[in-house]
Amino acid sequence: MLQGWVIASVSFAYLGVLFAIAYFGDKRADAGRSVIANPTIYALSLAVYCTTWTFYGSVGRAASTGIGFLPIYLGPTLMAGLWWFVMLKIIRISKANRITSIADFVSSRYGKSQLLGGLVTVIAVIGIIPYISLQLKAVSNSFTILLHYPEIVMPARAGAQPLLQDSALYIAMILAAFTILFGTRHLDATERHEGMVAAIAFESLVKLLAFVAVGAFVTFGIYNGFGDIFDRAEAVPKLKSLMTVADNGASYGSWWSLTFLSMLSIMFLPRQFQIAVVENVNERHLARAIWLFPLYLILINIFVLPIAVGGMLHFPDGSVDADTFVLTLPMAERQEALALFVFIGGLSAATGMVIVETIALSTMVCNDLVMPVLLRWKALRLQEEQDLSWLLLSIRRWAIAVILLLGYIYFRAAGEAYALVGIGLISFAAVAQFAPAIFGGIYWKGGTRQGAIAGLLAGFAVWIYTLLLPSFAKSGWLSLDFISEGLFGVALLRPQQLFGLAGLDEISHSLFWSMLANIGCYVAVSLRKRPDVVETSQGTLFVDVFRHTEGAERSRFWRGSAQVQDLLPLIGRFLGPERAREAFLAYARRRGLASLDQLQANADLVHYAETLLAGAIGGASARVMVASVVKEEPLGIDEVMNILDEASQVRAYSRQLEQKSRELEAATAELRAANERLKELDRMKDDFMSTVTHELRTPLTSIRAFSEILLEDPKTNLANRRKFLAIIVKETERLTRLINQVLDMAKIESGNAEWHTADIDLHEVIEESLAATSSLFGDKRIRLEKRLAEGVPRVRADRDRLIQVMLNLLANAVKFCDEDRGCVTVRLSAGSDAVRVDVEDNGPGIAEADQHTIFEKFRQVGDTMTAKPQGTGLGLPISRQIIEHFGGRLWVESSSGRGATFSFILPLNREGMGQEERAEK
């Protein structure tokens, strides 16, 4: 039996493991050995998107809408495919500006406006606090249910319990303490929490394993697989309807709007922005997250429908809340360990969301709400403080505590009311209001601060009117007449049928009107007024971030004078004197300076100091603080435009130089290749000359030697004289043949050979060649086989040249035939587009390695010291040149010991055939 102390002990042990992981991650980060510099950890940490609303709520939503829960995960999957274009740009902008929150991002884009940053913070806090309440409710309810194990008892209404007996209060306190330990142990100029990210990635694994474990148990343990569950569902009309999408416009509209809404949420929920952008240590990690995160969503949703259907089959009387099926099904089957594991999985989903969300919100509250007010409050004399880092940490810690307290208060107030049950999508719709300002800010230079403020106010107001207030009415906090009759009884102002728009679900309806108002006001107001200097420069830096990433170019928009002695203490007040000094010293060393004394306070240093400070107090406050210690000369809009024009010209010149450089590299490569080719040709020429000389010298030496013998000894007997003269004649013929072939080869290669092209019959060519070589066959008693197909079409070629080819192939075949059982086979055949001739012998064959060599000039196969074949080594190269001249191909097929077959093909002369056929007709 699971007792309370067991559940509490396991929960604390789990939280202890998380803290150990976070502590280890922070220590490794301090030592410069980041544990999150891994794309898999980055992708897993993005799964903080899956809260208890996913872990418990997906099953509940599937039990009421069937596959209607899918758009919440389809949207992020689709959006992940665009991350390489959208998210990469946001990350690049954030890195360049040390942006620490989504409010800071919007504020920095529109002239570092404190008002805009504060407005985004207020919207985020109002939209997210109820969502935090939902996490407290889920953990509290699951704890209460598990406490009654093995009985299944639904928890009582939250407000009905005494305050000190409410487990949600203690859960909120524990999460607050845990979040403070996680996120505000020290102040980091980059606002990264590497230990927290490592713990979140671990939590993502735990909740995935827990959900898959209970899904597998329900599907294969309680039932006999997916088929069994869905077959049983088919027999129940109520469950059967869950498997299909209603075929009407409202259903499709709901799918579209939920998909679109979740696409925006995965980008602009504060916790998603914190993990995906602020905590990102390497933008290339996106490449893995693009496919791994959607895979995670598929895995965690694959058992949602089976659990929902299985739960409804198991609890047909409806006594058990579908949101608890994940926990109550293993409890009903007395699976104690699995039920405890599921509770830990739900705890993981809740703690991950609460920790990251409250850290993100506390940073926004500190940098964009509290600090701007405190810095302007002269009576506090904060300018006289030497170290304000303690103040920043204190504000963030209190902000975390207050946010969780507000979440708990909302939980106590709402209980099981609609205002809490349906808050998931309502929160999504709230943060979706950031989309026009952010997308417009990174793709449109014309967007202005006034436009962004007008759009956010309009969209947020419509969201409150069409979603938040109706949820209050459904909870009984407002009169239901507000929904049914509209504000002041005006039908056109009915919040869920605004201006008569009906037929949409409440989320689609609100999304339509809020986005229309938001985008309309943003564009209309932006077009009415030209952006000021700061907005223009920031707009250019954001939109063209891939061109302006370098800090040196950013500093071109600042002009004035400053002192290192003023900047260093300013940064030290917020980051701590020692850390500020280390940062400035590192900056100096990157520029080759040995000490701070050599550092000059130019525009680059001012930009660096402002960026450094922005990481601690936000971009808007950082700009105000830096401006208090430097003398900035305001730039006119014309000067800014000139700077941008100069930058554009520099980039244009740079692109031209890059283009010229690439062309020069290509030309150099071509010249290098040509040079190599010339070297190769020179080497081939030397080889050719050497070979020709050698081949000429051999017969000349024989001729000279035997001539000298005959000259010096006139009395040589007649037999020897005849023998010597025969050798001389034979060598002379060989010499003549060699010279003729060399000249022939030279003419062919130079293109000066004479060709007498005509339509010829290969039958005649082969017969004539065989007749010319018949004596060779007879002398060596070689058997000849002819397999000449009839009706072979004519080809267009030079008759004498083809006879030359055939003679060479036949002479080679005779030369290498088997001495005792020599046989040469000549074949002629016709294909669809070519005529083929084969000359096959049964000689020793040619090794595969030598089959390419024999077509090279003066190259022959065999042992050149003992059994070098007779010939010049030019016959085959010349034959190949002749065949290729007429568009054909000559090759050899052979293997050692199995003879050789020389073949060539010649393309058919279709035009000639046509003429011939027409003539015959």
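Residues numbered from 1 in each chain as written. Predicted model: local features only at pLDDT ≥ 70, side-chain atom pairs only at ≥ 80, totals over all residues. Heavy atoms only, no water.

Visitor: Would you take a moment to explain the nonpolar core for this structure?
Guide: Formed by 172 residues in total, the largest nonpolar core has its most connected members in Y49, W83, I307 and F434. Counting 48 residues, the second-largest nonpolar core is a separate cluster that includes M745, V839, L874 and F886. (Core = buried A, V, L, I, M, F, W, Y, C linked by side-chain atoms within 4.5 Å. Buried < 20%, exposed > 50% of the residue type's maximum accessible area, 1.4 Å probe, protein only.)

Visitor: Help me understand the environment of Y56, please; the structure alone is not making it clear to me.
Guide: Topologically, Y56 is positioned in the loop between α3 (52-55) and α4 (57-65). Sequence-wise, Y56 and V304 are 248 residues apart; in three dimensions their C-alpha atoms are separated by 9.4 Å. Once residues lying within four places of it in the same chain are set aside, the contact partners of Y56 are A138, S142, D323, V326, L327, V342, F343 and G346. (Helix = DSSP H or I, 4+ residues; strand = E, 2+ residues; numbered from the N terminus. Contact = heavy atoms within 4.5 Å.)

Visitor: Can you walk me through the pairing of strand β7 (residues 834-841) in this structure?
Guide: Where a strand is regular, its side chains alternate between the two sheet faces. Most of β7 is tucked away: six of the eight residues are buried. Two elements, strand β6 (residues 823-830) and β7, share seven bridges in a ladder whose sense is antiparallel. Among the inter-strand pairings, V824 is bridged to a residue of β7, identified as D841. Counted between consecutive antiparallel strands, the loop separating β6 from β7 contains three residues. With eight bridges connecting them, β7 and strand β9 (residues 900-907) associate as antiparallel partners. Across the sheet, the residue bridging to E840 is T901, located in β9. (Pairing = 2+ DSSP bridges.)

Visitor: Teacher, can you tell me more about a nonpolar patch on the surface here?
Guide: A cluster of nonpolar residues, W398, V402, L405, L406 and I409, forms a patch on the protein surface that exposes about 500 Å² of accessible area. Within the secondary structure layout, W398 lies in helix α19 (residues 389-414). Here W398 falls in the exposed class, since its relative accessible area comes to 61%. (Patch = residues over 30% accessible without salt bridge, like charges linked within 9 Å, V, L, I, M, F, W, Y side chains within 5 Å. Areas by Shrake-Rupley, 256 points an atom, 1.4 Å probe, with all protein chains shown as cover. Salt bridge = Lys/Arg side-chain N within 4 Å of Asp/Glu carboxyl O.)

Visitor: In this structure, what is going on with the packing of helix α9 (residues 167-183) against helix α18 (residues 336-376)? I would like to understand it.
Guide: Angle between the axes and distance between the axes: these two values describe a pair of packed helices. Viewed as axis vectors pointing N to C, α9 and α18 meet at an angle of 60°, and their least axial separation amounts to 10 Å. Judged on the interaxial angle alone, α18 and α9 are oblique. When you trace α9 past α18, the crossing you get is right-handed. Each of L175, F178, T179, F182 and G183 in α9 lies in contact with α18, whose residues at this interface are T351, V354, I355, T358 and I359. Residues that form the contact of α9 with α18 fall into these classes: six nonpolar, four polar and no charged. (Axes fitted to C-alpha atoms, helices over the stretch in contact; angles between N-to-C directions. Parallel < 35°, antiparallel > 145°, perpendicular 65-115°, else oblique. Left-handed = near helix turned anticlockwise from the far one by under 90°. Nonpolar A, V, L, I, M, F, W, Y, C, P; charged D, E, K, R; others polar.)

Visitor: What is the right way to read the sheet that holds strand β8 (residues 889-894) from this model?
Guide: Where strands meet in a sheet, backbone hydrogen bonds hold them as pairs that are either parallel or antiparallel. The five strands lie next to each other as β4-β6-β7-β9-β8, forming an open sheet whose pairing is mixed. The sheet is open, and its two borders are formed by β4 (783-788) and β8, each paired with just one other strand. On average, each strand axis in the sheet is inclined to that of its neighbour by 15°, with strand direction left out of account. Across the sheet, helix α34 (residues 762-772) is in contact with β4, β6 and β7; its angle to β4 comes to roughly 175°. Packing of helix α36 (residues 799-816) onto the sheet brings it into contact with β6, β7 and β9, and relative to β7 it is tilted by some 25°.

Visitor: When you look at the confidence of the model for the chain in this model, what are you seeing that I'm missing?
Guide: Any segment with low pLDDT has predicted coordinates that should not be analysed in fine detail. Taken residue by residue, the chain gives an average pLDDT of 84. The fraction at 70 or more is 90%. Low pLDDT, under 50, characterises residues 912-921; the predicted model gives this stretch four contacts beyond four residues in sequence or across chains. (pLDDT = per-residue confidence, 0-100.)

Visitor: In this structure, what is going on with the environment of A401? I would like to understand it.
Guide: The residue A401 is located in helix α19 in this model. The class for A401 is partly exposed, based on a relative accessible area of 27%.

Visitor: Please explain unusual backbone geometry as it appears in this structure.
Guide: The phi torsion of most residues other than glycine is negative, and most of the peptide bonds are trans. Going from Y149 to P150, the amide bond is cis rather than trans, its omega being 10°. Locating P150 in the fold gives a position in the loop between α8 (114-147) and α9. Although it is not a glycine, R334 adopts a positive phi angle of roughly 60°. Take R334: it is sitting in the loop between α17 (325-332) and α18.

Visitor: Just checking my understanding: could you explain the side chain of N301 for this structure?
Guide: Examined against the element boundaries, N301 turns out to sit in helix α15 (residues 286-301). What N301 contacts, discounting residues up to four positions off in sequence, is S58, F69 and Y73.

Visitor: What is the right way to look at the packing of aromatic side chains in this model?
Guide: In this description, a pair of aromatic rings is defined by centroid distance and the angle of the planes. Tallying each qualifying case throughout the model produces 32 aromatic pairs. Seen in terms of ring centroids, W444 and Y522 are 5.8 Å apart; in terms of plane orientation they differ by 80°. Their pairing is edge-to-face. Here the residue W444 occupies a position in the loop between α22 (435-443) and α23 (449-474), and Y522 occupies one in helix α25 (residues 506-528), the gap between them amounting to 78 residues. Judged by centre distance (4.6 Å) and plane angle (25°), the rings of Y587 and Y608 are stacked. With Y587 in helix α29 (residues 577-590) and Y608 in helix α30 (residues 603-617), this residue pair connects regions lying 21 residues apart in the sequence. Judged by relative accessible area, which is 14%, Y608 ranks as buried. Among the aromatic residues, ring-to-ring pairing joins Y49, W53, Y73, Y131 and F428 into one connected group. Seen from the ring of W755, R801 lies directly overhead, with NZ or CZ sitting 5.0 Å from the centre. If you follow R880 out to its NZ or CZ, it ends over the ring of F855, 3.8 Å from the centre. (Phe/Tyr/Trp six-rings, centres within 6.5 Å; stacked < 30°, edge-to-face > 60°. Lys NZ or Arg CZ within 6 Å of the ring centre and 35° of its normal.)

Visitor: What is the right way to look at the packing of α29 against α30 in this model?
Guide: Where α29 contacts α30, the two axes come as close as 12 Å, and the packing angle between them is 140°. Here α29 is positioned oblique relative to α30, judged by the angle of their axes. Once α29 is placed against α30, the crossing between them reads as right-handed. Residues A583, F584, Y587 and R590 of α29 lie in contact with α30, whose contacting residues are D604, L605, Y608, A609 and L612. For the contact of α29 with α30, the class distribution of residues is seven nonpolar, no polar and two charged.

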